[in-house]
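# Overview (structure and organization)
What follows is the residue order along each chain.
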Amino acid sequence: MIAEWFDLDPEEFNQIDILWSGIDSPFLWLFLALTVPLSLWFFWTSLRRISSRPRKTFIIMLRIFAFALLAAILFQPQLEFKNNQTLKNHIAILLDDSKSMSVKSFPEEISRTELVKKWLERNADTLESWTRDYKVEYFFASDALNPASKKQLPDQLHARKPHTDFEKVFSKLQKRYEGKSLQGTVLVSDGADRSQGNGELTSGFLESLSAMEGPVHTVLAGERDGFKDLSIQHIAVARFGFLNQPSRVMATLSAVNMGNKNISLTLKQEGKILASKLIQLKEGQTQYQVELEFIPAVLGKKNYLLTLPIFSGEAIAENNQKNFQVKSVRDRIRILHINGRPSWDSRFLREALASNPKTDLLSFFILRTLSDDVSASTSELSLIPFPSNLLFTDYLDSFDLVIFQNFKYEPFIDKRYLSNISKYVEKGGAFLMIGGELSFQMGDYNRSPIEEILPVKMAPVAKGYLSDEYKISLAEKYKSHPALALENDPEKNKALWQEMSSLNGINTGLTAKPTAQVLAEYQIPGTKESLPLLTVWNKGKGRTIALATDSSWNFNFIKVGEGGSGRHYYKFWNQLISWAIGEPETQTLRVATDKEQYHENEEVLLKLQVLKDDYNPSSNEKIHFDITPPQGEKIKIDQKSGENGELDLHYQPKETGYYSVRIKREKEEGEQVIETGFVVSSDDSEFSQAQADPELMKKIADTTGGQFLNIGSQDRASLFNFPNPKKFAHINNKTISLWNNWWLYGLLTGLLLLDWIIRRKSGLS
Amino acid sequence: MRYCLQFLIFFSLLHFGPSPVWADPLASRFVLPQLKYSGGSFKPLNGALEGLLMQIARRTSIEIRREPIELELTDPSLHRYPFLYMGGDSKFEPLSEEEIKALRHFLNYGGFLLIDDNSREKKSEFDVSVRRMAERLFPQTPIKPLARDHSIYRSFYLINRVTGRTAHKPFLEEISVKGRTVLVYSSNDLGGAWARNKLGGWNYDMIAGGEVERQESIRLGINIAMYALTLDYKKDMVHLPIILERLRRYRLQ
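To keep things clear, this report deals only with the structure shown in the data block.

The rules behind these values
Residues numbered from 1 in each chain as written. Chains lettered and ligands numbered in written order. Predicted model: local features only at pLDDT ≥ 70, side-chain atom pairs only at ≥ 80, totals over all residues. Heavy atoms only, no water. Contact = heavy atoms within 4.5 Å. Buried area = accessible area lost by both parts, 1.4 Å probe. Salt bridge = Lys/Arg side-chain N within 4 Å of Asp/Glu carboxyl O. Helix = DSSP H or I, 4+ residues; strand = E, 2+ residues; numbered from the N terminus. Pairing = 2+ DSSP bridges. Axes fitted to C-alpha atoms, helices over the stretch in contact; angles between N-to-C directions. Buried < 20%, exposed > 50% of the residue type's maximum accessible area, 1.4 Å probe, protein only. Phe/Tyr/Trp six-rings, centres within 6.5 Å; stacked < 30°, edge-to-face > 60°. Lys NZ or Arg CZ within 6 Å of the ring centre and 35° of its normal. 1 Å grid on protein atoms, 1.4 Å probe; cavity = no way out; pocket = protein on both sides within 12 Å on 5 of 7 lines; lining within 4 Å. Points joined across faces, edges and corners; volume = space filled by probe spheres on them. Parallel < 35°, antiparallel > 145°, perpendicular 65-115°, else oblique. Polar contact = N/O pair within 3.5 Å; in protein donor to acceptor, adjacent residues only side chain to side chain.

### Some details on the interface of chain A and chain B
A common way to express how large an interface is: the accessible area buried when the components associate. Contacts between the two partners involve 45 residues from chain A and, on the opposite side, 50 residues from chain B. Together, the buried faces of chain A and chain B total about 4,500 Å²; carbon and sulfur atoms form 56% of this surface. Scanning the region where chain A abuts chain B turns up six salt bridges. Arg 219 of chain B serves as the salt-bridge partner of Glu 380 of chain A, at 3.0 Å between the closest nitrogen and oxygen. Elements with a minimum of two residues in the side of chain A that touches chain B: helix 9 (344-355), strand 17 (359-365), strand 21 (465-470) and helix 14 (557-561) of chain A.

### Quick look at the sheet that holds strand 13 (residues 287-294) of chain A
All names here are of chain A. Ordered in space as 8-10-13, the three strands form an open sheet in which the pairing is antiparallel. Here the strands that pair on one side only, and so sit at the sheet edges, are strand 8 (229-237) and strand 13. Ignoring which end each strand starts from, the neighbouring axes of this sheet average 25° apart. As defined by bridge partners, strand 10 (residues 247-256) adjoins strand 13 across eight bridges and the pair is classed as antiparallel. Residue pairing for strand 13: Ser 247 is matched across the bridge by Phe 294.

### Regarding the sheet that holds strand 9 (residues 240-242) of chain A
Adjacent strands of a sheet form backbone hydrogen bonds with each other and so pair up, either parallel or antiparallel. Residue and element names in this part refer to chain A. Overall, mixed pairing links the five strands, which are arranged 9-15-14-11-12 in an open sheet. Edge positions in the sheet fall to strand 9 and strand 12 (272-281), since each has one partner strand and no second. Neighbour-to-neighbour, the strand axes of the sheet open up by a mean angle of 30°, direction not taken into account. Pairing of strand 11 (residues 261-269) with strand 14 (residues 300-307), which is carried by three bridges, proceeds in the antiparallel orientation. From the neighbouring strand, Leu 267 faces strand 14, where its bridge partner is Leu 306.

### Observations concerning unusual backbone geometry
Cis geometry is adopted by the peptide bond preceding Pro 411 of chain A, which originates at Glu 410 of chain A and carries an omega value of 5°. Unlike most non-glycine residues, Gln 76 of chain A shows phi in positive territory, near 50°. By the secondary structure assignment, Gln 76 of chain A is in the loop between helix 3 (53-75) and strand 2 (77-87). The exposure class of Gln 76 of chain A is partly exposed, given its relative accessible area of 29%. Of note in this structure, Lys 178 of chain B is not a glycine but carries a positive phi near 50°. Residue classification places Lys 178 of chain B among the exposed residues on the basis of a relative accessible area of 86%.

### Digging into the packing of aromatic side chains
Each aromatic ring pair is characterised by the separation of its centres together with the angle its planes make. Scanning the model with the defined rule gives 43 aromatic pairs over all chains in all. Relative to Phe 431 of chain A, the ring of Phe 404 of chain A has its centre 5.1 Å away and its plane inclined at 80°; by these criteria the two rings are edge-to-face. You can see Phe 404 of chain A sitting in strand 18 (residues 401-405) and its partner Phe 431 of chain A sitting in strand 19 (residues 430-434), a full 27 residues away along the chain. Each member of the pair Phe 404 of chain A and Phe 431 of chain A is classed as buried. Aromatic pair Phe 572 of chain A and Trp 573 of chain A: ring centres 5.5 Å apart, planes at 65°, arrangement edge-to-face. Ring-pair connections join several aromatic residues into one group, and the members of that group are Phe 364, Phe 386, Phe 392, Phe 404, Phe 407, Tyr 409, Phe 412, Phe 431 and Tyr 445 of chain A. Note that Arg 148 of chain B overlies the ring of Tyr 153 of chain B, its terminal NZ or CZ placed 4.7 Å from the centroid. Note that Arg 196 of chain B overlies the ring of Trp 202 of chain B, its terminal NZ or CZ placed 4.0 Å from the centroid.

### So, empty space enclosed by the protein
Residues and elements named next belong to chain B. Under the defined criterion, the tally for this structure stands at three cavities of 30 Å³ or more. Lining the largest cavity are Val 31, Leu 32, Pro 33, Gln 34, Lys 43, Leu 49, Glu 50, Leu 53, Glu 67, Pro 68, Ile 69 and Glu 70. Sort the elements by how many residues they give to the lining of the largest cavity and helix 2 (residues 48-59) lands first, with three residues.

### Description of the packing of helix 3 (residues 97-108) of chain B against helix 4 (residues 125-137) of chain B
All names here are of chain B. Two elements in contact, helix 3 and helix 4, have axes separated by 10 Å at closest approach and are oriented at 70°. In terms of orientation, helix 3 and helix 4 fall into the roughly perpendicular class. Contacts between helix 3 and helix 4 pair Glu 97, Ile 100, Leu 103, Arg 104 and Leu 107 from the former with Met 133, Arg 136 and Leu 137 from the latter.

### Here we look at the side chain of Ser 382 of chain A
By the element assignment, Ser 382 of chain A lies in the loop between strand 17 and helix 10 (388-394). With relative accessibility at 0%, the residue Ser 382 of chain A sits in the buried group. Within the structure, Ser 382 of chain A has its side chain in polar contact with the backbone oxygen of Arg 154 of chain B (distance 2.7 Å).

### Overview of the pairing of strand 15 (residues 321-329) of chain A
All names here are of chain A. Pairing between strand 9 and strand 15: three bridges, direction parallel. Note on strand 15: the bridge partner recorded for Phe 240 is Lys 327. Relative to strand 15, strand 14 runs antiparallel, the two being bridged by eight bridges. Directly across from Lys 301, in strand 15, lies its bridge partner Lys 327.

### A short note on the side chain of Asn 406 of chain A
Residue and element names in this part refer to chain A. One can find Asn 406 in the loop between strand 18 and helix 11 (416-426). Its relative accessible area of 4% is what places Asn 406 among the buried residues. Those residues in contact with Asn 406, other than ones at most four positions away along the chain, are Gly 340, Arg 341, Ile 434, Gly 435, Gly 436, Glu 437, Leu 438, Ser 439 and Asp 550.

Quick look at the structure:
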């Protein structure tokens, strides 16, 4: 009724209160106590001249009423319309969604998550009945707490979170229900929280539990007994291995309830078995250390897969295999260096190669020819037969680089072995011919398999060896070529080459093949003819170099004599050899990932450097990526390189495992392809000790006065009780001011005006 | 007739085709410069180096340049000749500081010096001068006998005995820098054993022994040159088994 006076819906409010805002002010009371009687007395005496007693009383009444109104204004009365409701208490139901919940029971082979779903289904009526008296809210709990909608619960509940941490979960639960009445919690889990050690609750967790208003009832999914699992718990392996050198991987295996049996641990690469070891499992022994040895046969980062067989009834199948990556690098660069005769050039090169700690050098010098008269018997000589048969058949592939330095192959090498060198290069080997009087045509290599693999063509008629002294002249086009990089800064590099000592001697009659790169040449003075001095090219999967002089030692000893340093000679040879054997920094397509390994849901960044054949950046070039996920189909992505030849490919993997990446570019002479890969790993530490822990679940319930149930036996949720104290809440409040409005001030003004009129009419001023 | 024509065409091509340059690539060839120094006689023997070079050319695959060269340590072209021969039979003036510095630099960075006492005396003044020079050259590295398993004794010939025209010391002496022998000193007048005249005869009679010792001196000279050009090549593992077996047999003989 009153609500309607103030245009309010009476159904929305069930209580009205008057509030006096100024009633608590002692100054106001003092003021009123002094002023009201004094004023009334003053008024009464001022009405002496009015003889009519009723009129006098009326005026006094008017004054009293006006004073009352004034006092009311000073006390600031307000009408408060309220709607008071009884609050529902809360119940939180926490469902464990950590990975250990995917463990299957034995022998039923039902995952713990499935057990939980079935338990929810069986107890649906009870859970529904709770909603009458309580507000029931569902959460997924692992080491985080995420609200869940009851309707979508069966679909949303997946055992995916990598860790369980009840202490964190209950701490978050308390924060969430701060100021709310949480009168009970139901924790449905396997209790596999390894942060709670040795059957005792941590002090932090105990503190959280003791601060809970209502009991925590626990429901155990899974059993401690009957857990059967074989797993690779841990792998210890060096991230780097050496090419063609044994590498080792140490695996820690766990076998729970597997009985006595023999199993094999297998190491694979791209489906090919590299190593395997038989392990005798014994009842009562759960941990095994196994070492496997393998030999990386390909340079670069490669993925390896360690697998165990999956047995029937195993709780977790995923932990029976693990991926790891090893980047294989050369421990040493194996060089076969064959010298046609001892010379200063070969002496200084041998010293440079032998002094390089990264090099394994096998040298042969032809110390005598058939025409030399040694004037001694063989037993008085230190000479050994040249093992051409062994070198160019059995052992050729074990070398990274073969150098023929001023070497005429006949009569030391059978001509048929030259084809072996050609095949070796096609398969990825490197070959370098150094000039001199016994090289190129003068070594009878024209029209031989060696000419086919070299980047230079030899004139049919031997033209000999020119003994001019000249300065090396670098081709401007190839100033960024890694084989010529004595310094990183191009200008400094150019200046260094200009300061290099003169060379003397160059093989003539050579012309660069069409796709070969002439990095340096000699312009014959007074002619238009130039002779290729340093020529390189890619041949098949390998690389070959023709250096048409035997005077590169001038860069060393003679340079020192000129007051310079010989270190650029060493740098030159290091760079030339690095390019020849195709070291990563000499590739025109280079790829790297921003991380060694990725976690689930992490974005992968592939950084690509795209260079032209002359090693200048290739901008705006289309690059094709083929990404093959562990299970899915190949994904094709095309992207263009930027202005600086760089390209960043961002990729979001959708599953865990090894992703192989094939990167391709189109070139005039064919495709250029490089391969890489990355591993997206899941955190499977939950599986390391995934047995259910009923003791922990009981302890949580006991600590909070809750009950413990085990799914599968007496698991009715109706056994749980929750306190339900009455709690109220002012749901809706509306306050209307009774003093701060126009009609009150109007009434006061009216009263004073009436008082004034009557006084005037009564002859008062 | 047809064959005759083909022969003529081939012959004409040889003469009128692009002119080939058959210049001698001296830079790659082995040269034996005689070191010139002040005081004493820097070249007391005739035909010593020519004799050794001829033997090197005849017996090994090393290509040599026969013309004699005489070189001072201050010569700007010193570093074009990484092998130096220093002979003498008498006291010589101490090298200047500049010369010592140049020689040290030369040896440290890859050069090789063979010193040969041609005096035929056991305790010669040349020997005193040489040791004084060596002390100034490498004060921290005294000259010492060459180890019996040094590569010089197996770089071409297997050598068990050290001799020369004389046989004052049954060993060579050396100075090594960073594992590389940079200076070899013979007290036995190797040059006297090598020296030949233009007619092919030996210039000097052997004082200790006869032709066998001369041959051994030549072999030692060749081995020293071979070592300078190949360093420790003969200590590579690929050679060791064969060399050790031959040495064993050789010593048994």
